[in-house]
Amino acid sequence: MRRIAGRTIYTLIVLFVSSIAVFYAIRLSGGDAIAARLPASATVEQREAFRELIGLNDPIHEQYLNYIGGVLSGDLGKSLTNNADIFDMLLEHGLNSFILGATAFGLVFIIGVPLGMLAAVRRNSWVDSSVMTFAVGGMAIPNFWLALLAVWLFASTLGWLPSAGCCSPNQLILPAIVLAMEGIALTVRMTRSAMLENIEQDFVRTLRAGGLSEKRIVGKHVFRNALVPIISLAGLRIGQIIGYALVVEVIFGWPGLGQVLVNAVLRRDYPVAQFFSLVLITIVVLSNWLADVGYTVANPRLRKA
Amino acid sequence: MSQRDAVEERRVSWEQQLVQFEEEQHVPPLRRMLQRMRHNKLLLFGSATGILMLFAGVFGPIISGADYAAQSFQDIHLPPMSDGYLLGSDGLGRDLAIRTFVGIRVSLIVAAGVTSLALVAGVVLGMLAGYYHGWSDRLIGGVVDFVWGFPLILVAVLFAGGLGEGLFPVILAVGLVNTAAIARVVRGEVYTLSEREFIEAAHAGGYSHFRIMWRHILPNILAPAFVLASYYVAVAIIAEAALSFIGLGAQPPLPSLGQMVADGRNFLRQNHWESTIPGIAIVMLVLSVSLIGDGLRDVFDPRLRHEAKGVDEE
């Protein structure tokens, strides 16, 4: 319990510090944002008046407090490029990202765990080595390159799936698989090693001596134990998926949070960049916290420490 | 295979290892190291590919002598092996061969920058945290855990948001995350080292903390740190390519492999080589660096097998 409380306090501090860091970093570079908003013909006085209007001339800690106050009261401001309300953007793109991320997250476990089990049960056979080759390959290939190969094969050459766009199930398949690939590879390896570790435990020998069928031992008892670290560390996969989503969403033209953030950075649309950075950081920090708590709950040895 | 076969097989391979180990004991250390390197086929293959890529990156642009930004509108979308264009040309009629060479050079420079930054900072921070325990450990450990928990690409996008696009923020961001990764492992190593007898003896001998760290601890953590760093070379190359792909890394006209892949992807159907050639270059770079990393680990420090993979289970 003390460990969980400690991690929670730590997480809150981390959230606070990173919100300051993001605010300062992006606000300090916000000078160009003016150019993004005003026509090139604007005079110096007009530019100055605009700076004053959006509060760029206030002391920076006041800007921060105003900003956080605004975020907490639901007033997020508007995009500098197309004047869209940031809260509406969050709802729209957040939903898209959630669909893609949740699908990828599901695939990680639906594909990764059975493959890892298969490799562990058929260890040292050709099944094992081909599954493990797949797992090593999945970790070694950069995902944007995998995305391109997938587009080339399934969209350009075979014409089975669309190469980009949103949001039909057909269009979801390729980005979700690419996004999930590294997580799948990691889960396969983790499942396999956790299964093998448990198969050698004393309780398995006892079960065998008790006359339980091998199928039941592996399928129920070993599997349950092996699942503990995988489920409890699932939070880490969320952070990983968010990082890769920045690239994958851009490649597949999937209008999610990642794509919005990258475009906002490229166009110096700093209110948008600021807010969506904060959103993504919060999700990452919370999912790391979740992994921490999950791991502590699953590991009685850590609970006291 | 039955259970018994598996046990038997393990016993036999264990005995072989034991025999090999004892044979090796009669060979001087350096020779032994070289011998083990020679037996490691993947390491040899990786080094050969790596040297090839290094050669391409360093001498390729000099030998071909062409300009990577020169455009020629008569010669757009030429296939490889065309007249005057060894690897073909892109949509602006630029020579793909020279652009690939320069792209490899950019990848290598970024990887070198990131890794030297991460290695020095990671070793220093990890050593301070692991040696002094106490508040410096808590402070450094807290910051390192904080940074390490973030996805690399997200950190780089934030840096690009603060500093603008370009290679410099990419190097800083990737360097920062890799520093944390190296510091974590170094800290653990130093932690166990600092409780060993020879360190206690050094304390008893009245040596200063600095001298103990510099002369007694550092030599013992250099090998694992270098092995670890070689993994993060691959991470750096992939990250730079991915960021340049989405437009946040190298800015035109400077070519980068990821950016070339992105430029070519609109022509995948007809002229796939505009993406596939730089793509293959990235894969070869990453593959060679990973194989070298794997091989070095096996030669120098078999214990790192799990930590270095970045596999984050406990």
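Residues numbered from 1 in each chain as written. Chains lettered and ligands numbered in written order. Predicted model: local features only at pLDDT ≥ 70, side-chain atom pairs only at ≥ 80, totals over all residues. Heavy atoms only, no water.

**Overview of the overall build of chain B**
Okay, step 1: In terms of helices and strands, chain B carries eleven helices and zero strands.
Okay, step 2: Counting helices and strands in the order they occur from the N terminus, chain B gives α-α-α-α-α-α-α-α-α-α-α.
Okay, step 3: A burial count over chain B gives 48% of its 314 residues as buried.
Okay, step 4: Sequence separation of 24 or more characterises 69% of the internal contacts of chain B that already satisfy a separation of 6 or more.
Okay, step 5: Accessible surface, chain B: about 15,800 Å² in total, of which carbon and sulfur atoms supply 64%. (Helix = DSSP H or I, 4+ residues; strand = E, 2+ residues; numbered from the N terminus. Buried < 20%, exposed > 50% of the residue type's maximum accessible area, 1.4 Å probe, protein only. Contact = heavy atoms within 4.5 Å. Areas by Shrake-Rupley, 256 points an atom, 1.4 Å probe, with all protein chains shown as cover.)

**Focus on the packing of helix H5 (residues 86-121) of chain A against helix H11 (residues 234-251) of chain A**
Residues and elements named next belong to chain A.
Okay, step 1: H11 packs onto H5 with a crossing angle of 125 degrees between their chain directions and a minimal axis gap of 10 Å. It follows from the interaxial angle that H5 and H11 lie oblique. Crossing hand, H5 versus H11: right-handed. Where H5 approaches H11, its residues Ser97, Leu100, Gly101, Ala104, Phe105, Val108 and Phe109 are matched on the opposing element by Ala234, Arg237, Ile238, Ile241 and Glu249. (Axes fitted to C-alpha atoms, helices over the stretch in contact; angles between N-to-C directions. Parallel < 35°, antiparallel > 145°, perpendicular 65-115°, else oblique. Left-handed = near helix turned anticlockwise from the far one by under 90°.)

**Focus on helix H10 (residues 214-232) of chain A**
All names here are of chain A.
Okay, step 1: The end-to-end C-alpha distance of H10 is 26 Å, a good match for the 27 Å that 19 residues give at a rise of 1.5 Å each.
Okay, step 2: For H10, the full list of buried residues reads Ile217, Val218, Val222, Ala226, Ile230 and Ser232.
Okay, step 3: The inward-facing, buried residues of H10 contact H5, helix H8 (169-199), helix H9 (202-209), H11 and helix H13 (270-298). (Expected span 1.5 Å × (residues − 1).)

**With respect to the packing of aromatic side chains**
Residues and elements named next belong to chain A.
Okay, step 1: All chains considered together, the criterion is met by seven aromatic pairs over all chains.
Okay, step 2: Between phenylalanine 105 and phenylalanine 109, the ring centres sit 5.2 Å apart and the planes meet at 75 degrees, which makes this aromatic pair edge-to-face. One end of the pair is phenylalanine 105 and the other is phenylalanine 109, both in helix H5 and four residues apart, which spans about a single turn.
Okay, step 3: You can call phenylalanine 105 partly exposed: its relative accessible area is 26%.
Okay, step 4: When the centroid spacing of 5.6 Å and the interplanar angle of 80 degrees are considered together, the rings of phenylalanine 275 and phenylalanine 276 count as edge-to-face.
Okay, step 5: By relative accessible area, which is 0% here, phenylalanine 276 ends up buried. (Phe/Tyr/Trp six-rings, centres within 6.5 Å; stacked < 30°, edge-to-face > 60°.)

**Here we look at the interface of chain B and chain A**
Okay, step 1: Each side of the interface is counted separately: chain B has 44 residues, and chain A has 44 residues.
Okay, step 2: With both chains or domains summed, chain B and chain A bury close to 3,700 Å², and 73% of this area falls on carbon and sulfur atoms.
Okay, step 3: The interface formed by chain B and chain A includes zero salt bridges.
Okay, step 4: Our count for the chain B to chain A interface comes out at one residue pair in polar contact (both at pLDDT 80 or more).
Okay, step 5: Its residues assigned to classes, the side of chain B that touches chain A shows 22 nonpolar, twelve polar and ten charged. (Buried area = accessible area lost by both parts, 1.4 Å probe. Salt bridge = Lys/Arg side-chain N within 4 Å of Asp/Glu carboxyl O. Polar contact = N/O pair within 3.5 Å; in protein donor to acceptor, adjacent residues only side chain to side chain. Nonpolar A, V, L, I, M, F, W, Y, C, P; charged D, E, K, R; others polar.)

**Considering the nonpolar core**
If you look at soluble globular proteins, the nonpolar side chains tend to sit buried side by side.
Okay, step 1: Leu261(A), Phe276(A) and Val157(B) are the most contacted members of the largest nonpolar core, which totals 131 residues.
Okay, step 2: Looking at this core element by element, the count peaks at 15 residues for H8(A).
Okay, step 3: Discounting residues that sit within four places of it in the chain, Val157(B) has contacts with Leu246(A), Leu261(A), Val262(A), Val265(A), Leu243(B) and Leu248(B).
Okay, step 4: One finds Leu119(B), Tyr131(B), Ala225(B) and Tyr232(B) within the second-largest nonpolar core, a separate group that totals 23 residues. (Core = buried A, V, L, I, M, F, W, Y, C linked by side-chain atoms within 4.5 Å.)

**Thoughts on unusual backbone geometry**
Okay, step 1: Notably, Asn124(A) is not glycine yet its phi reads approximately 65 degrees, a positive angle.
Okay, step 2: Among the structural elements, Asn124(A) can be located in the loop between H5 and helix H6 (126-140).

**Some thoughts on the pattern of salt bridges**
Okay, step 1: Tallied over the full model, the rule gives five salt bridges over all chains.
Okay, step 2: The closest approach of N and O atoms between Arg7(A) and Asp292(A), which form a salt bridge, is 2.7 Å. Within this pair, whereas Arg7(A) is found in helix H1 (residues 2-28), its partner Asp292(A) is found in helix H13, the two being separated by 285 residues in sequence.
Okay, step 3: Accessibility expressed as a relative area gives 23% for Arg7(A), which makes it partly exposed.
Okay, step 4: A relative accessible area of 18% means that Asp292(A) is categorised as buried.
Okay, step 5: Close ionic contact of Arg187(B) with Asp137(B) constitutes a salt bridge, the shortest N to O distance being 2.7 Å. A residue pair is termed long-range when its members are at least 10 positions apart, and Arg187(B) in helix H7 (residues 167-193) and Asp137(B) in helix H5 (residues 134-148) qualify at 50 residues.

**As for a nonpolar patch on the surface**
Okay, step 1: A cluster of nonpolar side chains, Leu54(B), Phe55(B), Val58(B), Phe59(B), Ile62(B) and Ile63(B), forms an exposed patch at the surface whose accessible area comes to about 600 Å².
Okay, step 2: Relative to the helices and strands, Val58(B) resides in helix H3 (residues 41-64). (Patch = residues over 30% accessible without salt bridge, like charges linked within 9 Å, V, L, I, M, F, W, Y side chains within 5 Å.)

**Details of H8(A)**
A turn of α-helix holds 3.6 residues, and therefore any two residues three or four places apart point the same way.
Okay, step 1: Look at H8(A): only 39 Å from first C-alpha to last across 31 residues, short of the 45 Å you get at 1.5 Å a residue.
Okay, step 2: For H8(A), the tally of buried residues reaches 24 of 31 residues, placing the bulk of the element in the interior.

**A look at the side chain of Ser19(A)**
Residues and elements named next belong to chain A.
Okay, step 1: Summarising the element assignment, serine 19 is placed in helix H1.
Okay, step 2: One polar contact links the side chain of serine 19 to the main-chain carbonyl oxygen of phenylalanine 16, over a distance of 2.8 Å.
Okay, step 3: Residue contacts for serine 19: discarding those within four places in its chain leaves Tyr64 and Leu278.

**Details of the side chain of Ser288(B)**
Okay, step 1: By the secondary structure assignment, Ser288(B) is in helix H11 (residues 273-300).
Okay, step 2: Dropping the residues within four chain positions of it, Ser288(B) is found in contact with Gly46(B), Thr49(B) and Gly50(B).

**Some points on the environment of Leu285(B)**
Residue and element names in this part refer to chain B.
Okay, step 1: Along the chain, leucine 285 falls in helix H11.
Okay, step 2: It is 7.9 Å that separates the C-alpha atoms of leucine 285 and isoleucine 237, two residues lying 48 residues apart in sequence.
Okay, step 3: Once residues lying within four places of it in the same chain are set aside, the contact partners of leucine 285 are Met53, Ile104, Ser107, Leu108, Ile237 and Leu257.

**Let's talk about the confidence of the model for chain B**
Residue and element names in this part refer to chain B.
Okay, step 1: Here chain B averages 79 in pLDDT, and 79% of its residues register 70 or above.
Okay, step 2: Within chain B, helix H4 (residues 96-132) carries the highest mean pLDDT (89), whereas helix H1 (residues 3-24) carries the lowest (64).
Okay, step 3: A low-confidence stretch, residues 304-314 stays under pLDDT 50, and its non-local contacts, those more than four residues away or across chains, total 26 contacts. (pLDDT = per-residue confidence, 0-100.)

**With respect to the packing of H5(A) against H6(A)**
All names here are of chain A.
Okay, step 1: Two numbers describe how H5 lies on H6: the axes approach to 8 Å, and their chain directions differ by 140 degrees. Taken together, the axes of H5 and H6 are oblique relative to one another. As H5 runs across H6, the sense of the crossing is left-handed. Contacts between H5 and H6 pair Leu115, Leu118 and Ala119 from the former with Val127, Asp128, Val131 and Phe134 from the latter.
Okay, step 2: Within the contact of H5 with H6, the residues separate by chemical class into six nonpolar, no polar and one charged.

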